[in-house]
Amino acid sequence: MTQTNSEILTALSRAAKAPVLENHSLSGECSFRLGGAAQYFCNPATADTLRAIWLKANELSLPVFILGGGSNVLFKDEGFPGVVISTKNMRRITATPEGLITAGAGALNTDLTSVTMKVGLTGFEWASGLPGTLGGGVFMNAKCYGHSYADVVKSVKAFKTDGTWLTLSAPECHFAYKDSVFQHSGYIIVELELFLTPGDPSVIQALTRKTFEDRQKRGQFLYPSAGCVFKNAYSLNTPAGKLIEDCGLKGYSIGGAKVYEKHANFIINSGSASAKDITDLIAYIKEKVKEKHNYQLEEELRVV
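Looking only at helices and strands, the chain has eight helices and 19 strands in total. In terms of its C-alpha atoms, the chain occupies a principal-axis envelope of roughly 55 × 50 × 30 Å. Residues counted as buried form 48% of the 304 residues belonging to the chain. Considering only intrachain contacts with a sequence separation of at least 6, the fraction spanning at least 24 residues in the chain is 63%.

Turning our attention to the nonpolar core. In this structure, Phe32, Phe230, Ile244, Ile267, Ile278, Ile285 and Leu297 are the most contacted members of the largest nonpolar core, which totals 35 residues. Where this core is concerned, the elements lending two or more residues are strand S2 (37-42), strand S3 (64-67), strand S4 (73-74), strand S5 (80-86), helix H7 (240-246), strand S17 (257-259) and helix H8 (275-293). A per-element tally of this core places H8 first, with six residues. Contact partners of Leu297, with chain neighbours within four places excluded, come to Phe230, Lys231, Ala240, Leu243, Ile244, Ile285, Lys286 and Val289. Listed in part, the 32 residues of the second largest apolar core include Ala105, Phe124, Phe139 and Leu168.

A word on the environment of Gly82. With respect to the element layout, Gly82 can be found in strand S5. The class for Gly82 is buried, based on a relative accessible area of 0%. Residue contacts for Gly82: discarding those within four places in its chain leaves Ala38, Gln39, Tyr40 and Pro63.

Summarising the element assignment, His24 is placed in strand S1 (residues 21-25). With residues up to four places along the chain from it excluded, the contact list for His24 reads Glu29, Gly36, Ala37, Ala38 and Phe41.

When the charged atoms of two side chains with opposite charge come close together, those side chains can pair. Per the stated rule, a full pass over the model turns up 13 salt bridges. Notably, a salt bridge pairs Lys231 with Glu298, separated by 3.2 Å at the nearest N-O pair. Within this pair, whereas Lys231 is found in the loop between strand S15 (225-228) and H7, its partner Glu298 is found in the loop between H8 and strand S19 (302-303), the two being separated by 67 residues in sequence. Look at Lys231 and you get buried, because its relative accessible area is 14%. Residue Lys286 pairs with Glu299 through a salt bridge whose shortest N-O separation is 3.1 Å. Of this pair, Lys286 sits in helix H8 while Glu299 sits in the loop between H8 and S19, and the two are 13 residues apart along the sequence.

Strand order in the open sheet formed by four strands is S15-S18-S17-S16, with antiparallel pairing between adjacent strands. Taken across any chain shown, the strands that pair with only one partner, and hence form the sheet edges, are S15 and strand S16 (253-254). Of the pairings in the sheet, the one linking S16 to S17 comprises two bridges and is antiparallel in character. Following the sheet pairing, Ser253 is matched in S17 by Lys258.

Here helix H6 (residues 201-217) spans 24 Å end to end across 17 residues, near enough to the 24 Å set by a 1.5 Å rise per residue. Of all the positions in H6, only Ile204, Thr208, Thr211 and Arg215 are classed as buried. Each buried residue of H6 sits inside an arc of 60° when the element is viewed along its axis, so together they form one side. Residues Lys210 and Lys217 are exposed on H6 and point more than 90 degrees away from its buried face. As for H6, its buried residues are in contact with helix H3 (109-119), strand S8 (121-122) and strand S9 (143-144). Looking one or two places after H6, you find Gly219, whose phi comes out positive at around 70°.

Parameters and conventions
Residues numbered from 1 in each chain as written. Predicted model: local features only at pLDDT ≥ 70, side-chain atom pairs only at ≥ 80, totals over all residues. Heavy atoms only, no water. Helix = DSSP H or I, 4+ residues; strand = E, 2+ residues; numbered from the N terminus. Buried < 20%, exposed > 50% of the residue type's maximum accessible area, 1.4 Å probe, protein only. Contact = heavy atoms within 4.5 Å. Core = buried A, V, L, I, M, F, W, Y, C linked by side-chain atoms within 4.5 Å. Salt bridge = Lys/Arg side-chain N within 4 Å of Asp/Glu carboxyl O. Pairing = 2+ DSSP bridges. Expected span 1.5 Å × (residues − 1). Arc of directions from axis to C-beta.

In short, shape yes, function no, at least from these values alone.
Here it is in structure tokens:
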């Protein structure tokens, strides 16, 4: 028997042990600051309630998308016809003096760098100012300044699509360049362990601030964006941004979407962009790079 919308909302809310919002705008949930609405949206507070609402949504035959910090996601203008589950309330972090970090998937990179500066743990300074969550960082194996999550992950707690719990060691995560097992298995990350090294707090603070200031100088926080859109072209030994720049595309725009003048691998929302503007610009960039360099760019950005 088909359930009414009210019955679906009630069932989802009971599973989440939190209010479930209807027709919730996703523009405020992603760094592009655009996109349509989620049919249903919720912020469970624990791994158990995240798992419960996932299973309930599947039981109701509703599509589900797990959202971290929204810094590597583009929601289409049509929105998401199902349940978007945000991990933003799963931000608890604990740290031992020896360097073992346990954190919820929704903890922000900035949350952790604040902790590491306070307690004196080194090995995560490279993530200072990096948008997004730790869960998203593990999913993407986020990489910058010559470091990546693969360097610091000890283990990851997740569940399978059928709800079965599992804990994966770092080798079992199959980390590769901007890749992990989570992109191919459907496993949902809820918690992770990182292992860092005790160090001099003053040195750690200086390095962390230096990284953040470098991002500021590069203009990474001036406009809504999702950071680098394309994976680097390692087979050509050339950054994707250089390939795009060589095509004369810096500053090129479609609607409100623009190739950033300060970094050609960034597409920015100049203020009025739609998701279609972004995807049209992505397609145009790929076409021009293919024409000039005979290379097929691959997105790291996830279009939902």
